[in-house]
Amino acid sequence: MGIEAWYMDSCDEDQRKPHRLNPNQPVSVDELKKLGVFYWKFLHETAHNKLNADIYETDPELEQIRKEQGYSYMDIITIHKDTLPNYEEKLKMFYEEHLHLDDEIRYILDGRAYFDVRDKEERWIRIAMSKGDLITLPAGIYHRFTLDESNYTKAMRLFVGEPVWKAYNRPADGFDIRQKSESFLL
Ligand code: KMT
Ligand code: NI
């Protein structure tokens, strides 16, 4: 098991479709790391010391990660038309290209979703997330989020300290964090 990420086509149809290039152009964990994106797939690992989304409420491994990384805050968001108030509106917002001034940390507890991030050449990379996957997007990276064709995910949102959900839609290059992340990307 491992990551599944790929470069997207530029077709405008349904955002929930995979939008792979033909032939597929995969993106490796190392390439994501260079962008400051960290991604783990834990669920099907047999070794110990792995996260288990089935026991997220009591999982000692999650507890340890939260302690180590300082993820003091957490809540759970269920993204489905019957559970999320203003579902359509929120999905539209999540899919607007944006950035935050803090890391975006998400742990998928159920269902599936895509996180898209821009690479150094401004190409979209689509990261397929499913149950047991944890991702951190660095502060300042342009990104967006969508459900896939299953139209459902349940995700834990983690944060260092008091959460700030403020999203800055592109263009948002005036922030210090953009200057820093751009020099980091070089
Ligand atoms: C964001 O800022 O991109 C989001 O919060 C996405 C939805 S949470 C799974
Ligand atoms: Ni975001």
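Residues numbered from 1 in each chain as written. Chains lettered and ligands numbered in written order. Predicted model: local features only at pLDDT ≥ 70, side-chain atom pairs only at ≥ 80, totals over all residues. Heavy atoms only, no water.

**Q** Any chance you could explain the nonpolar core here in plain terms?
**A** What tends to happen in soluble globular proteins is that the nonpolar side chains get buried as a cluster. Val37, Ile79, Val117, Ile125, Ile127 and Ile135 are the most contacted members of the largest nonpolar core, which totals 25 residues. Elements with a minimum of two residues in this core: strand E1 (5-7), strand E3 (73-79), helix H3 (87-94), strand E5 (104-118), strand E6 (124-130), strand E7 (133-137) and strand E8 (143-147). In terms of residue count, the dominant contributor to this core is E5 (four residues). The residues contacting Ile135, other than those within four sequence positions of it, are Val37, Phe38, Tyr39, Glu104, Ile105, Arg106, Phe115, Ile127 and Met129. (Core = buried A, V, L, I, M, F, W, Y, C linked by side-chain atoms within 4.5 Å. Buried < 20%, exposed > 50% of the residue type's maximum accessible area, 1.4 Å probe, protein only. Helix = DSSP H or I, 4+ residues; strand = E, 2+ residues; numbered from the N terminus. Contact = heavy atoms within 4.5 Å.)

**Q** Explain the pairing of E6 here, please?
**A** Along a regular strand, successive side chains alternate from one face of the sheet to the other. Taken across its seven residues, E6 has six buried, putting it largely inside the fold. Bridge count between E1 and E6: three bridges; the pairing is antiparallel. From the neighbouring strand, Trp6 faces E6, where its bridge partner is Arg126. Bridge analysis of E5 against E6 gives seven bridges, and the strand direction is antiparallel. Its bridge partner lying in E6, Asp116 is registered against Arg126. Between E5 and E6, which pair antiparallel and follow one another directly, the connecting turn spans five residues, one of which, Glu122, has a positive phi of 75°. (Pairing = 2+ DSSP bridges.)

**Q** Just checking my understanding: could you explain the coordination of the nickel ion (ligand 2) for this structure?
**A** Each donor-metal-donor angle would ideally measure 109.5 degrees in four-coordinate tetrahedral geometry, or 90 or 180 degrees in six-coordinate octahedral geometry. Bound to the nickel ion (ligand 2) are the protein donor atoms His98 (NE2), His100 (NE2), Glu104 (OE) and His143 (NE2), situated 2.0 to 2.1 Å from the metal. Its six donor atoms give the nickel ion (ligand 2) angles of 55 to 172° at the centre, a pattern that matches the irregular case. Read from N- to C-terminus, the donor residues coordinating the nickel ion (ligand 2) fall into the pattern H-x1-H-x3-E-x38-H. His100 matches His98 in its accessibility class, with the two residues each being buried. (Donors = N, O, S within 2.8 Å, 3.2 Å for Na, K, Ca; no water. Tetrahedral: all angles 85-135°; square planar, octahedral: opposite > 155°, others 65-115°.)

By themselves, these figures tell us nothing about what the structure is for.
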